[in-house]
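Spelled out from the first residue to the last, the chains are:
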Amino acid sequence: MSDEHKMTTKDKMVLGVTLAAIFGGVFFLGFIGLIVNLTS
């Protein structure tokens, strides 16, 4: 069963891209909200 859960290079890349996309999206939305609050 442990053989099925080994992380391949592709899996690590997909995981990294997914985490980067989530973090980037949250950061971007937060930054836009901050700008809107400061300018209004």
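Because the structure is predicted, anything quoted here is derived from the model rather than measured.

> I keep staring at the overall build of the protein and nothing clicks. Help me out?
Within the protein, the secondary structure is distributed over one helix and zero strands. Its C-alpha atoms give the protein principal-axis dimensions of about 55 × 15 × 5 Å. In the protein, which comprises 40 residues, the proportion classed as buried is 0%. Carbon and sulfur atoms make up 74% of the accessible area of the protein, which amounts to about 3,900 Å² in all.

> Can you walk me through the packing of aromatic side chains in this structure?
Aromatic ring pairs are described here by two measures, namely the spacing of the ring centres and the angle between the planes. With the rule as written, the count across this model stands at two aromatic pairs. With 6.4 Å between their ring centres and 15 degrees between their planes, Phe23 and Phe27 make a pair best called stacked. With Phe23 and Phe27 both in helix α1 (residues 9-39) and four residues apart, this pair spans about one turn of that helix. Of the two residues, Phe23 and Phe27, neither departs from the other in class, the shared state being exposed. Judged by its relative accessible area of 54%, Phe27 is exposed.

> Is there a simple way to explain the environment of Leu15 in this structure?
By secondary structure assignment, the location of Leu15 is in helix α1. A C-alpha to C-alpha distance of 30 Å links Leu15 and Ile35, two positions 20 residues apart in sequence.

Procedures and definitions
Residues numbered from 1 in each chain as written. Predicted model: local features only at pLDDT ≥ 70, side-chain atom pairs only at ≥ 80, totals over all residues. Heavy atoms only, no water. Helix = DSSP H or I, 4+ residues; strand = E, 2+ residues; numbered from the N terminus. Buried < 20%, exposed > 50% of the residue type's maximum accessible area, 1.4 Å probe, protein only. Areas by Shrake-Rupley, 256 points an atom, 1.4 Å probe, with all protein chains shown as cover. Phe/Tyr/Trp six-rings, centres within 6.5 Å; stacked < 30°, edge-to-face > 60°.

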